[in-house]
Amino acid sequence: MTVRPPARAGRPIGRHLLELRGHRRLRGPYTAGGELLRRVVPELTGVDPALVKPASTAVVAIAPDLESDVPIRPQTLTDLAKGDERTRFYAIQRTRDLAFMVSELVNVWVRTCHPEGVTLRFRELAEADPTDVQLFETLRRRRDPALLEVVDADLVSSPVRVHGGDPAQRYVDSDGTSADPAELAAYESLAEADRRRRHGERARLLIERKEPGSQLGAVPYHLERGENPAEALEWLVAGQNQAFREGYYEAALDLGRRGRALLAYADDPKTHNYLTKRVIGALTYLSRCDEAMEVIDEHRRETTEVAEQMNDAYMMAMIYTRHLEKDRLDQDKALSWVNTALALAEGAPNPERHAFYGAFMRNARALVELHRGNLPGSLELVNQAIEILDEHLDPDQHQLHRTVLINNRARVLLGLKDYAGAITAFDEVLTRDPEYDEPYFDRAVALKASGDVEGALRDLDHAIELSVAFTDAYYNRADLRLDLGEEEAALADLDTVLDIDPDYTEALLNRAALLIGAGDLDRAAADLDRGLALRPEHAHLWSAKGLLRSEQGDEAGALECYATALRLDPDLVEVYGNRAVLHFTAGRAAEAVADLDRAIELRDAAMLRVNRGIGRHELGDAEGAVGDYDAALASGDVDAADVLFRRGLSHHALGRHGRAGADWDAHLRLMAERGEVSEYADEIARLRAALVG
């Protein structure tokens, strides 16, 4: 912990300042982020280690040298799997989640250790890995401006340059980060042998120092330029593996490409294949699928190894089944490629490899079948894969992939609406991997569908406890809380979702709907504008904007928004329902009924029936109105008292006064049971008096 002297009487404590260099040549991904944590974590743990616990996963991922200094983080089978047993990797949004956790930690650190305020000055962001840029943007977006200033220092000042000595050596000692033109010119004027010697000496010095992160940045940089560039290869392979395991895919791609540039396929096929596989994987996770397919095609021309051709076919299948843009997905091509991968897997000569590859590729085909809508076929393939591993491998082998298979079985059962079976399978997953957040999320979906709302809430709470940046868990919990009538809690969850990910479109939509209901139209408008800027073809956003315009009294604007929504999705029931209300309010009962006819044709619902009953009554179709009210009351999903009053009006209009009186008596009785006076009591009395008179 940094100990600061007490302030002298009458003198304010100065603002705390941290200079953070971000150049990726220094320490690769999270060059600045790692340095920030090495300052923050010791100070916070000196106050209370529990303050660090919510961000312990991020601390260890970004600065593994601090692992012994933080409370134990959740450990999943993904974290523990080694080598080929690691078959599950992080999604691309992991770095977004890490940035959120670090920003939370930094805010706690500022309030706890530096209440006088902190300025974080980031330098060299133009040369930083995307992880540091993302962290910088997250810190700046989520800071308390009164306490924390986050500055791109290169925009406001230049770094202080050291003069004197050998400018070429200063460039080398800067690890290639110097922006001084004189130093760069001196370096470039060196004889090649001298330049390589200096790089080699610098690399050996850094290796001896073991500075955290240098193995991903400065060490391989210098070795590539040293006397024997091939020495860099083992560092690039290890660095690519570390970056890929942590989900730093831009860095994994960069390190892998540099490694492949140093190594001809013929010289070391095994290492070249390993680097290539990770390059393909990184490009795929980064949604650069066309580039990934080019590398796959190149690799297929290079290799005749069965396992490599199998992996290439598998990656092509995954690209076509889930990674391409929606309009380019092709499940037929995915099936062709995964069948090729499965056929090659069946040819593996080693019994253990044969079993593992056979199970793995059946699981891959199960995913394709799932996307093709063949859920029974998907389930059969997953079950086959589980049986193969159980029969042919020792129980302690491939624990991660066994759990992945059971989890996939649970998800398919969920899709088949076998909620009890899905819950049982998720139970088994969590017995094997109790600190993995996603099965809690998935089991919550099954529990909710089976009617166990409290159980679903417990699972979502636990998923969030394990992963404080789990946006989908907050989003689903908001839905559950809405079902329970807890609108403020639901709004708080949606606020958290959008704090973590401001571009989460569905959360913007749902929050806007809540805000419209609460009368906060300006905030609702801001959410809808942001959502439509992200996804201008989102029909539900246009529908919500139509409702907003209606609430604002802009009938023409509302109708225009509804028309746009229906152009994008002609079967959007909510638009017909809301537009019907707008028409009816404006005196256009015929148009309202026409919209409700279409809505009920698409999805028969009690409230739509009630509204159409009102419209039909207004148009003089009292018999049709009674039919709608009968259907609504039979559903039990309406305010029976209100519908009984309205049905009585229609019976009265048809001259069926006995039925009208019975409905009104039932209406008044229900209101009395509630302890309320009917707002229609005077109208009922007037209508009855008119009959007597």
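Going by the structure above, here's the rest.
Report follows, based on the coordinates. (Residues numbered from 1 in each chain as written. Predicted model: local features only at pLDDT ≥ 70, side-chain atom pairs only at ≥ 80, totals over all residues. Heavy atoms only, no water.)

**Brief notes about helix α34 (residues 657–673)**
Now for step 1: Taking 1.5 Å per residue, 17 residues should reach 24 Å; α34 reaches 24 Å between its end C-alpha atoms and fits that length.
Now for step 2: The set of residues buried in α34 consists of A660, G661, D663, W664, A666, H667 and M671.
Now for step 3: Remark: G675 follows α34 within two positions and exhibits a positive phi of approximately 80°. (Helix = DSSP H or I, 4+ residues; strand = E, 2+ residues; numbered from the N terminus. Expected span 1.5 Å × (residues − 1). Buried < 20%, exposed > 50% of the residue type's maximum accessible area, 1.4 Å probe, protein only.)

**Quick notes on the packing of aromatic side chains**
Now for step 1: All chains considered together, the criterion is met by 13 aromatic pairs.
Now for step 2: Each ring, one from Y171 and one from Y187, has its centre 4.6 Å from the other, and the planes form 35°; the classification is tilted. Residue Y171 is located in helix α7 (residues 167–173), and its partner Y187 is located in helix α8 (residues 181–188); the two are separated by 16 residues in the primary sequence. The burial state of Y171 is the same as that of Y187; both residues are buried.
Now for step 3: For the ring pair Y249 and Y285, a centre distance of 4.6 Å and an interplane angle of 15° mean the geometry is stacked. (Phe/Tyr/Trp six-rings, centres within 6.5 Å; stacked < 30°, edge-to-face > 60°.)

**What to know about the nonpolar core**
Now for step 1: L36, L105, V106, W109, L120 and F122 are the most contacted members of the largest nonpolar core, which has 91 residues in total.
Now for step 2: Among the elements that line this core, the one with the most residues is helix α5 (residues 94–113), at 10 residues.
Now for step 3: Membership of the second largest hydrophobic core comes to 52 residues, among which are L413, Y440, Y475 and L514. (Core = buried A, V, L, I, M, F, W, Y, C linked by side-chain atoms within 4.5 Å.)

**What to know about the sheet that holds strand β3 (residues 148–152)**
Now for step 1: Strand order in this open sheet of three strands is β1-β2-β3, and the pairing throughout is parallel. Each edge of the open sheet carries a strand with a single partner, namely β1 (16–21) and β3. Strand-to-strand twist across the sheet, computed as the mean angle between neighbouring axes with direction ignored, equals 15°.
Now for step 2: Contacting β1, β2 (118–123) and β3, α5 crosses the sheet at an angle of about 140° to β2.
Now for step 3: Contacting β2 and β3, helix α6 (residues 130–142) runs over the sheet at an angle of about 140° to β3. (Pairing = 2+ DSSP bridges. Axes fitted to C-alpha atoms, helices over the stretch in contact; angles between N-to-C directions. Contact = heavy atoms within 4.5 Å.)

**Some remarks on the pattern of salt bridges**
Now for step 1: If you walk through the whole model with that rule in mind, you get 71 salt bridges.
Now for step 2: Here R198 and D166 are joined by a salt bridge, their closest N and O atoms 2.8 Å apart. Of this pair, R198 sits in helix α9 (residues 192–209) while D166 sits in the loop between β3 and α7, and the two are 32 residues apart along the sequence.
Now for step 3: Among the residues examined, R198 registers a relative accessible area of 11% and is labelled buried.
Now for step 4: A network of salt bridges, in which partner residues are shared, links D597, D604, R609, R612, R616, D621 and D628. (Salt bridge = Lys/Arg side-chain N within 4 Å of Asp/Glu carboxyl O.)

**Regarding the side chain of R73**
Now for step 1: With respect to the secondary-structure elements, R73 resides in the loop between α3 (56–62) and α4 (77–80).
Now for step 2: Buried charged residue R73 carries no salt bridge. Nearest counter-charge: E67, at 4.1 Å.
Now for step 3: Beyond its immediate stretch of four places on either side in the chain, R73 contacts S56, T57, V60, E67, D79 and E435. (Lys, Arg positive; Asp, Glu negative; His and termini not counted.)

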